[in-house]
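What follows is the residue order along each chain.
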Amino acid sequence: MVYIGLTGGVCCGKSLVAHYFEQLGTTTIDLDALAKQATQPNQTAYHKIVETFGKNILDNNNNIQRKTLRQIIFNNPNAKKQLENIVLPALEQLEHNIVTKLDTNQQKIVITHGATIIETGWYQKYQKIIVVSAPPQTQLQRLIKRDNMDEMTATKMIEAQLSNNERERYANIVIQNNGNKQNLKTQVEEVYNKILTERELWK
C-alpha cells in the first residue's frame, strides 16, 4: 500500500482531485470531514473547545459554529495554536483508526487529503505528497463565490496560508488546476497510473 498526503490552498480543488482519485478506485480520507466528526458534541475535543473559546461559538443546537470559530482564530495566532492542540491529536487518532482497519494487502493506494498537512508537519508521515495548485486569481474568484465573501476578506484568507510556491516545495507531485475539469481529471489519471507503476519504489 502507498500512503499519500494530498493538499493545496483554499479553493485550489483538492477535494475535486480526491474525488477523481476515488473514481479510479483509490481509498481517500477527508481530514475536514474527520475534523467535523472530532468536534461533535459527544467527542472529547468538543468539550475542550467549548471550555477554551466559550459557549458563544455554539449555535442553538449546541453545535460548534465553524465559521465563528474560524473568525476567532483568523487573526489570533495564540487562539489558532490552542485550537490545533485540541483538534489535531483527536484528528490523528481518527485517521489512524481508519488506516489500521484497511486491508493493506487489498488497498493499493490510500490518500489522506487536507488543507494543513504541510503546516502541521503531517507531511512527514506520508510516503509521498501531492500538491494541488491553482492561479491565485482563480482561488480568489472561487472563494468569493463559494463563501459569498468580499474580496478583501478572501484575499486576507488566501494570504494567511502558505503560498502555492511554498507548498510545492514539499511536493513529490504537483497537479495544476487551471479551472478546466477535463484537464484536471486527465492529470489525476496520469498521476494514478504513475503511482501504480512506481508504488514498489515508494514503499
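Residues numbered from 1 in each chain as written. Predicted model: local features only at pLDDT ≥ 70, side-chain atom pairs only at ≥ 80, totals over all residues. Heavy atoms only, no water.

Quick notes on the overall build of the protein
Our working definition: Elements are defined by DSSP. Helices are runs of H or I of four residues or more, strands are runs of E of two residues or more, and each kind is numbered from the N terminus. Note on exposure labels: buried denotes an accessible area under 20% of the residue type's maximum, exposed denotes more than 50%, and partly exposed covers the range between, all computed with a 1.4 Å probe on protein chains only.
Each helix and strand in the protein was counted, giving nine helices and five strands. Written out in order from the N terminus, the α and β elements of the protein read β-α-β-α-α-α-α-β-β-α-α-α-β-α. Principal-axis analysis of the C-alpha atoms gives the protein an extent of 50 × 40 × 25 Å. Taking all 203 residues of the protein together, the buried fraction comes to 40%.

Considering the pattern of salt bridges
Basically, it comes down to this: Here a salt bridge means any side-chain nitrogen of Lys or Arg lying within 4 Å of a carboxyl oxygen belonging to Asp or Glu.
All told, the structure shown has seven salt bridges when counted by the stated rule. The network of salt bridges with shared partners includes Glu92, Glu95 and Lys125.

Re the sheet that holds strand E2 (residues 27-30)
Rules: Strands qualify as paired when DSSP identifies two bridges or more between them. Between N-to-C directions, angles cover 0 to 180 degrees, with each direction set by a line fitted to C-alpha atoms, over the stretch in contact for helices. It only takes one pair of heavy atoms within 4.5 Å for two residues to be counted as in contact.
Strand order in the open sheet formed by five strands is E2-E3-E1-E4-E5, and the pairing between neighbours is parallel. The open sheet has two edge strands, E2 and strand E5 (173-176), and neither has a second partner. The mean angle between the axes of side-by-side strands here comes to 25°, regardless of whether they run parallel or antiparallel. Two strands pair when backbone bridges link them, and E2 and strand E3 (residues 109-113) are joined in this way by four bridges, in the parallel orientation. Its bridge partner being in E3, isoleucine 29 is matched across the sheet by threonine 112. Here helix H1 (residues 14-23) sits on the sheet in contact with strand E1 (2-8), E2, E3, strand E4 (128-133) and E5, set at roughly 150° to E1.

What to know about the environment of glutamate 22
Position of glutamate 22 among the secondary structure elements: in helix H1. Residue glutamate 22 is classed as partly exposed on the basis of its relative accessible area, which comes to 41%. For the pair glutamate 22 and valine 110, spaced 88 residues apart in sequence, the C-alpha separation works out to 9.7 Å.

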